[in-house]
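Each chain, written out:
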Amino acid sequence: PVGEIGDLYIAGVGLSPGYWRDDDKTRAAFLDDPRSPGSGERIYRTGDLARIDEDGLVHFLGRADSQIKSRGYRIELGEVESALVAVDGVRECAVVGVETGGFEGTAICAAYVGGDGLEPPALKSALAASLPTYMLPARWLALDVLPKNQNGKIDRPELRKRFAAAAEQESGKG
């Protein structure tokens, strides 16, 4: 339905026949098109989440595997990232979940690259205009550049380590 977050599927003439030499992975991701049963048409489950707006535009929200549970709520971290990167001055960002071992479950942590004077209180306030309170990051990390892996993608495991180390350092100060 309009506005609901769901799995993103693609179809059409450019669709690949499947994963090369990986029948199991192909069967899991390439499915018969439920809109035309028995036609031989297929769809591909991308592993991404999206939502359709009132105008029929599809909004990409990030990977389906970046959903966490924090304070009893299921949260799609890509949605938090989309809101954060829309804030003036934020050049790049990544949102990760870090296990706390406490009531919170998983803390929402945001790393960002921004201009001078871009501080967490201002970012949190800007995000509060577009996100519910339970989706606001609890921890922040300002960086000159986000860590990247060999493929040039954001290194989320490295960010989780940095947030965990910062939390340990803070708890050692008390």
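Because the structure is predicted, anything quoted here is derived from the model rather than measured. (Residues numbered from 1 in each chain as written. Predicted model: local features only at pLDDT ≥ 70, side-chain atom pairs only at ≥ 80, totals over all residues. Heavy atoms only, no water.)

Chemist: Go over a nonpolar patch on the surface, please, and point to the residues and values.
Modeler: Taken together, the side chains of Val2, Ile52 and Val58 make up a nonpolar region of the molecular surface, amounting to roughly 260 Å² of accessible area. Residue placement: Val58 occurs in strand 4 (residues 58–63). (Patch = residues over 30% accessible without salt bridge, like charges linked within 9 Å, V, L, I, M, F, W, Y side chains within 5 Å. Areas by Shrake-Rupley, 256 points an atom, 1.4 Å probe, with all protein chains shown as cover. Salt bridge = Lys/Arg side-chain N within 4 Å of Asp/Glu carboxyl O. Helix = DSSP H or I, 4+ residues; strand = E, 2+ residues; numbered from the N terminus.)

Chemist: An account of the sheet that holds strand 8 (residues 106–114) is needed here, citing residue identities and associated values.
Modeler: Strand order in the open sheet formed by 3 strands is 7-8-9, with mixed pairing between adjacent strands. Each edge of the open sheet carries a strand with a single partner, namely strand 7 (90–99) and strand 9 (139–142). Geometrically, the sheet is characterised by an average inter-axis angle of 20 degrees between neighbouring strands, direction not taken into account. Pairing geometry for strand 7 and strand 8, over 9 bridges, is antiparallel. Counted as the bridge partner of Val98 is Ala107 from strand 8. On the sheet, helix 2 (residues 77–85) packs against strand 7, strand 8 and strand 9 and is oriented at approximately 150 degrees with respect to strand 7. Together, strand 7, strand 8 and strand 9 form the strand contacts of helix 3 (residues 120–128), whose direction differs from that of strand 9 by roughly 120 degrees. (Pairing = 2+ DSSP bridges. Axes fitted to C-alpha atoms, helices over the stretch in contact; angles between N-to-C directions. Contact = heavy atoms within 4.5 Å.)

Chemist: Talk me through the pairing of strand 9; I want residue IDs and the actual numbers.
Modeler: Here strand 8 pairs with strand 9 via 4 bridges, running parallel. The residue of strand 9 that forms the bridge with Tyr112 is Ala142. Regarding topology, helix 3 serves as the crossover connection from strand 8 to the parallel strand 9, and that connection is right-handed. (Right-handed = clockwise from strand over helix to strand, strands pointing away.)

Chemist: Account for the side chain of Glu81, with residues named and values stated.
Modeler: The topology assignment puts Glu81 in helix 2. Polar contacts involving the side chain of Glu81 include one to the side chain of Arg156, which spans 2.8 Å. (Polar contact = N/O pair within 3.5 Å; in protein donor to acceptor, adjacent residues only side chain to side chain.)

Chemist: Any details on the layout of surface pockets? Residues and values, ideally.
Modeler: Within this model, the second largest pocket holds a volume of roughly 160 Å³. Forming the boundary of the second largest pocket are Pro1, Val2, Glu4, Gly6, Asp7, Leu8, Tyr9, Ala50, Arg51, Ile52 and Val58. At the level of elements, strand 1 (5–10) and strand 3 (42–52) are the ones that each hand at least two residues to the lining of the second largest pocket. When its residues are assigned to classes, the lining of the second largest pocket shows 7 nonpolar, 1 polar and 3 charged. (1 Å grid on protein atoms, 1.4 Å probe; cavity = no way out; pocket = protein on both sides within 12 Å on 5 of 7 lines; lining within 4 Å. Points joined across faces, edges and corners; volume = space filled by probe spheres on them. Nonpolar A, V, L, I, M, F, W, Y, C, P; charged D, E, K, R; others polar.)

Chemist: Run through the nonpolar core, naming residues and quoting values.
Modeler: Core analysis: the largest hydrophobic core is formed by 20 residues, its most contacted members being Leu84, Val90, Leu123 and Leu127. The dominant element in this core, judged by the number of residues it contributes, is helix 2, at 4 residues. Excluding residues within four positions of it along the chain, Leu123 makes contact with Leu84, Val87, Val90, Tyr112, Leu118 and Trp140. (Core = buried A, V, L, I, M, F, W, Y, C linked by side-chain atoms within 4.5 Å. Buried < 20%, exposed > 50% of the residue type's maximum accessible area, 1.4 Å probe, protein only.)

Chemist: Tell me what's going on with the packing of aromatic side chains, and back it up with residues and numbers.
Modeler: The tally for this structure, following the rule as stated, stands at 5 aromatic pairs. Judged by centre distance (3.8 Å) and plane angle (10 degrees), the ring pair of Tyr73 and Tyr134 falls under stacked. Residue Tyr73 is found in strand 6 (residues 73–76), and its partner Tyr134 is found in the loop between helix 3 and strand 9; the two are separated by 61 residues along the sequence. The class for Tyr73 is partly exposed, based on a relative accessible area of 39%. (Phe/Tyr/Trp six-rings, centres within 6.5 Å; stacked < 30°, edge-to-face > 60°.)

Chemist: Give a detailed account of the pattern of salt bridges, specifying residues and quantitative values.
Modeler: Working definition: two side chains of opposite charge can pair if their charged atoms are close together. Tallying each qualifying case throughout the model produces 6 salt bridges. For Glu81, the salt bridge is made with Arg156, and the minimal N-O distance between the two is 2.8 Å. Here Glu81, found in helix 2, pairs with Arg156, found in helix 4 (residues 156–173); they are 75 residues apart in sequence, far enough to count as distant. Residue classification places Arg156 among the partly exposed positions, given a relative accessible area of 26%.

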